[in-house]
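A look at the structure
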Amino acid sequence: IHRMTESARAMARGDLSVRARESSSEELADLARTLNEMSAQLKSRIDQITEEKSLLEAVLASATEGIVVTDPRGTILSVNVALRNLFQASPSSPLLGRPSIEVVRNPDVVEAIEQSLRSGDTTRREIILLSPTERRLEMHVAPILLQGSIIGAVGIFYDVTEMRRMERLRRDFVANVSHELRTPLTAIKGCAETLADGAIEDKTAAGRF
C-alpha cells in the first residue's frame, strides 16, 4: 500500500511514466492495475490535448487575420503575430494577462469585446487605424460559450483597406463616366425632341439635328 501511495503521488505530480507494482494480494493487484490504467489514460489524453494545442498555435501563427482571445473580463489570453502587427505591438512585449485596451488601444475594439461578453452575440464593426498609415479593419467578435456560460470572447480582424479603396475607385469611375456622358446625352435628347417637334420636316434642319 505504501508503494502504491508513492506511485499515486508521483502520478499526481505529473510523472505518468510511473507504474504501480502489482502485489501478491488479489485486491491490491487489482488496485495497482487500476492505477496504471488511469495513468496510461491520463497520459494519452494529455498527449492529445498537447497535440491539439500545438496545432491551434500553428494555425493562429500562420493566420493572416489578426486574432485575439480574452477571458470573461476582457483580459488578453492569446494573440497572434498578425494582430501584433496590425496594432503595432512589439514582438517582445508581454501581452497576455493585460486588459484589452492596453493591447489594441482602440475604444471601438474594446467596446465590441465588452458588448459580445455582455450580450452573448457576435458583434461586427469596421474600424479605422490611423497609424502608421490609414487602414480599415473589419472586426468580428464572438463570445466563447461553455455549457451555456460565456467564458471569453474571440475577435478576428480582417484588413479591408485595399477592398475599400477599390470600391471607392469604382464609385468614382462610375460618377466620372456619368458626368462625362451627361452633356452629350443632353444634347442628343435636345436634338431628338426638336426633330419630334417638327424639325424632321425641314430637310436642312433635320440633317443638322
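Before reading further, recall that the structure is shown in the block above.
Heads up: these notes are all about the structure in this document. The residue numbers shown here count from 1 along each chain, following its written sequence. Given that the model is predicted, a residue must reach a pLDDT of at least 70 before its local features are reported, and side-chain atom pairs must reach 80 or more before they are shown or counted; all residues, however, enter totals for whole chains, interfaces and linings. Side-chain numbers come from the whole structure's heavy atoms, not from hydrogens or water.

**Focus on the layout of surface pockets**
A 1.4 Å probe that fits but cannot get out identifies a cavity on a 1 Å grid over protein atoms alone, an open set with protein on both sides within 12 Å along at least five of seven lines counts as a pocket, and a residue lines either if it has an atom within 4 Å of a point. Grid points are joined across faces, edges and corners, and a volume is the space filled by probe spheres set on the points. As a volume, the largest pocket reaches approximately 220 Å³. Considering the residues around the largest pocket, the lining is formed by Lys53, Leu56, Glu57, Leu60, Ile67, Val69, Ser78, Ile144, Val154 and Ile156. Mapped onto the lining of the largest pocket, the elements with two or more residues apiece are helix 2 (26–62), strand 1 (66–70) and strand 5 (149–159). Counting from the N terminus, the helices are DSSP H or I runs at least four residues long and the strands are E runs at least two residues long. Counting residues per element, the lining of the largest pocket draws most heavily on helix 2, which supplies four residues. When the residues that make up the lining of the largest pocket are grouped by side-chain class, the tally is seven nonpolar, one polar and two charged. Amino acids are sorted into nonpolar (Ala, Val, Leu, Ile, Met, Phe, Trp, Tyr, Cys and Pro), charged (Asp, Glu, Lys and Arg) and polar (every other residue, Gly among them).

**Describing the pattern of salt bridges**
Think of a salt bridge as a Lys or Arg side-chain nitrogen and an Asp or Glu carboxyl oxygen that are within 4 Å of each other. Overall, the coordinates contain 12 salt bridges when judged by the stated rule. For Glu138, the salt bridge identified is with Arg164, shortest N-O distance 3.5 Å. In this pair, Glu138 is assigned in strand 4 (residues 135–146) and Arg164 in helix 6 (residues 161–196), connecting sequence segments 26 residues apart. The buried category is assigned to Arg164, whose relative accessible area is 18%. Note that Glu162 is salt-bridged to Arg165, the shortest N-O span being 2.6 Å. Pair noted here: Glu162 and Arg165 are both in helix 6, with a separation of three residues, about one helical turn. Assessed through its relative accessible area of 34%, Arg165 is described here as partly exposed. Throughout, exposure labels follow a simple rule: accessible area from a 1.4 Å probe, protein chains only, divided by the maximum for the residue type, with under 20% read as buried, over 50% as exposed, and the rest as partly exposed.

**Re the sheet that holds strand 2 (residues 76–79)**
Consider a sheet: its strands pair through backbone hydrogen bonds, and that pairing is either parallel or antiparallel. Think of it this way: DSSP has to see at least two bridges between two strands before they count as a pair. Taken in spatial order, the five strands make up an open sheet running 2-1-5-4-3, and their pairing is antiparallel. The sheet terminates laterally at strand 2 and strand 3 (123–129), the two strands that pair on one side only. Across the sheet, the axes of successive neighbouring strands diverge by a mean angle of 25°, strand direction being ignored. Here strand 4 pairs with strand 5 via 10 bridges, running antiparallel. From the neighbouring strand, His140 faces strand 5, where its bridge partner is Ile156. In what follows, residue pairs with any heavy atoms lying within 4.5 Å of each other are defined as contacts. Axes here mean lines fitted to C-alpha atoms, for a helix over just the part in contact, with angles spanning 0 to 180 degrees between N-to-C directions. Running over the sheet, helix 5 (residues 107–119) touches strand 1, strand 3, strand 4 and strand 5 and is turned about 170° from strand 3.

**So, helix 5**
The span one expects for a helix is its residue count, reduced by one, times 1.5 Å. Taking 1.5 Å of rise per residue, 13 residues should cover 18 Å, and helix 5 covers 18 Å from first to last C-alpha, within 8% of that figure. On its buried side, helix 5 packs onto strand 1, helix 4 (100–104), strand 3, strand 4 and strand 5. Whenever a nitrogen or oxygen atom comes within 3.5 Å of another N or O atom, the pair is scored as a polar contact, on the condition that within protein one atom can donate a hydrogen and the other can accept it, and that pairs from neighbouring residues in sequence are kept only if both atoms are in side chains. The N-capping residue of helix 5, defined by a side-chain oxygen 2.9 Å from the backbone nitrogen of Asp108, is Asn106. Just downstream of helix 5 lies Gly120, where phi reads positive at about 80°.

**Thoughts on the packing of aromatic side chains**
Ring pairs are drawn from Phe, Tyr and Trp, using the six-membered ring of Trp, whenever the two centres fall within 6.5 Å, and their geometry is named by plane angle: stacked under 30 degrees, edge-to-face over 60, tilted for the rest. In this structure the tally under the stated criterion is one aromatic pair. Seen in terms of ring centroids, Phe87 and Phe157 are 5.4 Å apart; in terms of plane orientation they differ by 80°. Their pairing is edge-to-face. Note that Phe87 is positioned in the loop between helix 3 (81–86) and helix 4 and Phe157 in strand 5, a separation of 70 residues in sequence. For the pair Phe87 and Phe157, a shared accessibility class is recorded, and that class is buried. Charge-over-ring contacts are defined here by two conditions on Lys NZ or Arg CZ: a distance within 6 Å of the ring centre and an angle within 35 degrees of the ring normal. The ring of Phe209 carries the charged tip of Arg208 above its face, separated from the ring centre by 5.1 Å.

**So, helix 1 (residues 2–12)**
If you check which residues of helix 1 are buried, you get Met4, Ser7, Ala10 and Met11. End-on, the buried residues of helix 1 take up no more than an arc of 120°, which puts them together on one face. Across from the buried face of helix 1, at angles greater than 90 degrees, the exposed residues are His2 and Ala12. Gly14 lies just past helix 1 and shows a positive phi near 110°. What the arc covers is the set of directions going from the helix axis to the C-beta atoms.

**Examining the side chain of Asp71**
Mapped onto the elements, Asp71 comes out in the loop between strand 1 and strand 2. With relative accessibility at 9%, the residue Asp71 sits in the buried group. Side-chain polar atoms of Asp71 contact the backbone nitrogen of Arg73, separated by 2.9 Å. Polar side-chain contacts of Asp71 include one of 2.8 Å to the backbone nitrogen of Thr75. For Asp71, the residues in contact, after removing those within four places along its chain, are Leu77, Leu117, Ile151 and Gly152.

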